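Examining the three-dimensional arrangement
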Amino acid sequence: MFQAWLLDKASGTFQAELREIDESRLPPGDVLVQVLHSTINYKDALALTHRAPVVRNWPMVPGIDGAGIVLESRHAAWKPGDRWILNGWGVGETHWGCLAERASLRGDWLVPVPARFDTRQAMIIGTAGYTAMLCVQAIAAHDLRPEHGEVLVTGATGGVGSIAVALLARRGWKVVAVSGKPEREDYLRALGAAEVLPRQSLSEPGKPLQKERWAAVVDTAGSHILANACAQTRWGGVVAACGLAQGMDFPASVAPFILRNVTLAGIDSVMQPLGARRAAWAALADELDASQLEAVAHDIRLDQALEAAQALMAGRVSGRTVVNI
Ligand code: NDP
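Numbers given to residues run from 1 along each chain, matching the order in which its sequence is written. pLDDT decides what is reported in this predicted model: residues at 70 or higher carry local features, side-chain atom pairs at 80 or more are listed and counted, and totals for whole chains, interfaces and linings draw on all residues regardless. As a rule here, side-chain values cover all heavy atoms of the structure and leave hydrogens and water aside.

Re the overall build of the chain
The numbering of helices and of strands both runs from the N terminus, where a helix is a DSSP run of H or I of at least 4 residues and a strand a run of E of at least 2. Scanning the chain from terminus to terminus reveals ten helices and 15 strands. Throughout, the radius of gyration refers to the C-alpha atoms, and the reference size of a globule is 2.2 Å times the residue count to the power 0.38. Taken over C-alpha atoms, the radius of gyration comes to 20 Å for the chain, in line with the 20 Å a tight globule of 325 residues would show. Three exposure classes are used, based on accessible area relative to the maximum for each residue type with a 1.4 Å probe and protein chains only: buried under 20%, partly exposed in between, and exposed over 50%. Across the 325 residues in the chain, those meeting the buried criterion constitute 55%. Residue contacts are counted whenever heavy atoms from the two residues lie within 4.5 Å of one another. Considering only contacts in the chain between residues 6 or more positions apart, those separated by 24 or more positions represent 70%.

Following this line, the structure appears as structure tokens:
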């Protein structure tokens, strides 16, 4: 038996419960793992609170992220005792996930924990941090560098935002953070933000082209914030769009793309091939130090996951929530 959160609709209404589950109920997989740490990403919070249709098979064990130790393996790349990280691949959506003591996963999905990190540090980063690195790499892939100007990070106190601020500041960028939490300005400055703008400065409908300011943008918000960020991006800039915290819509015009050569770079962490994941994790290990990770982390137990998800949905969480399993 193992403990896991189980999301179900069998009774006709949605239920999220911490349950004892028999190992024989685990889905097929070629690697049986012990999950030592997981985390509460935005998507996990949506699943646990049933605020959006993240879960596509019922019943479901949520948890799109995990890190731990291999217990049994029929996959050539993995053996008992190996330390693994799992991010995405539909785990916690269509395949039982990592808010659980055990998981049955596919070896092809797993990335080794970089030597510099323990499994808790890997989950401080989690999908949020790995996505932040994909955004930073998308900006760098367009040969944009700190000398080209300022970089904007939206939803800055969130998981993706916090780690994006830290990574970009460490690469030498002047980071301007947008946040709806004015009381967290010190937190953002400690991570490396040079300036903090109120969320309202970007969240209302704006003109299709505005005064040019950003050399690059990491956007976690979508909707008007993304539209305004594009409208303020300088000629030749890149906007890496990964999130929808304000909304799924994109009320914008093509003007920034056709008149200012702006590139809108879509970022999806879930289906990234293994090579890109390994490269992102290697860069995270090179560029984030333990003190930066501790600055964004707060720890909970497995039984507190639902409460933490509700707090995240209510906008009461900054940084990264690590679940100690
Ligand atoms: P968090 O909940 O940790 O952070 C989201 C942040 O967005 C909040 O902290 C808040 O920051 C800001 N925010 C909240 N509500 C609103 C609103 N109504 N309008 C504008 N901003 C708002 O989530 P994550 O960092 O884990 O994820 C951020 C986004 O990125 C989510 O939409 C998530 O689904 C997406 N995502 C996408 C991935 C991909 O592969 N494409 C992978 C990971 C995440 P503040 O108060 O500082 O403004």
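Moving on from the coordinates now.
Some words on the site of the ligand
Neighbouring residues are identified by heavy atoms, a residue being near a molecule or strand if any of them is within 4 Å of it. Taken together, 24 residues form the shell around the ligand, and within it Thr157, Val160, Ser179, Gly180 and Ser269 come nearest. The contact in question runs from an oxygen atom of the ligand to an N or O atom on the side chain of Ser179, over 2.7 Å. A distance of 2.7 Å separates an oxygen atom of the ligand from a polar atom in the backbone of Ser269. A total of 920 Å² of accessible area belongs to the ligand in isolation, and the protein chains cover 85% of it. Sorting the residues of the shell around the ligand by element identifies α2 (119-141) and α3 (159-170) as the ones contributing at least two each. When residues are sorted by character, Ala, Val, Leu, Ile, Met, Phe, Trp, Tyr, Cys and Pro go into the nonpolar class, Asp, Glu, Lys and Arg into the charged class, and all the rest, Gly among them, into the polar class. Its residues assigned to classes, the shell around the ligand shows nine nonpolar, twelve polar and three charged. N or O atoms within 3.5 Å of each other form a polar contact, as long as, within protein, one can give a hydrogen and the other can take it, and as long as residues adjacent in sequence are counted only when both atoms are side-chain atoms. To be clear on the numbers: accessible area is Shrake-Rupley with a 1.4 Å probe, and residue cover counts the displayed protein chains and nothing else.

A word on the domain arrangement of the chain
How big an interface is tends to be reported as the loss of accessible area on association of its parts. Where each domain starts and ends comes from a domain assignment, either automatic or drawn from a database. We note that the domain assignment places domain 1 (2-113 + 290-324) and domain 2 (127-266) within the chain. Distance between the C-alpha centres of domain 1 and domain 2: 28 Å. Taken together, the contacts link 14 residues of domain 1 with 16 residues of domain 2. Throughout, the accessible surface (probe 1.4 Å) given up by two parts as they are put together, summed over both, is called the buried area. Together, the buried faces of domain 1 and domain 2 total about 1100 Å²; carbon and sulfur atoms form 54% of this surface. For salt bridges, the criterion is a side-chain nitrogen of Lys or Arg within 4 Å of an Asp or Glu carboxyl oxygen. At the junction of domain 1 with domain 2, the criterion picks out zero salt bridges. Applying the counting rule to domain 1 against domain 2 returns seven residue pairs in polar contact (both at pLDDT 80 or more). Broken down by element, the side of domain 1 that touches domain 2 gets its largest block of residues, three residues, from helix α9 (residues 290-296).

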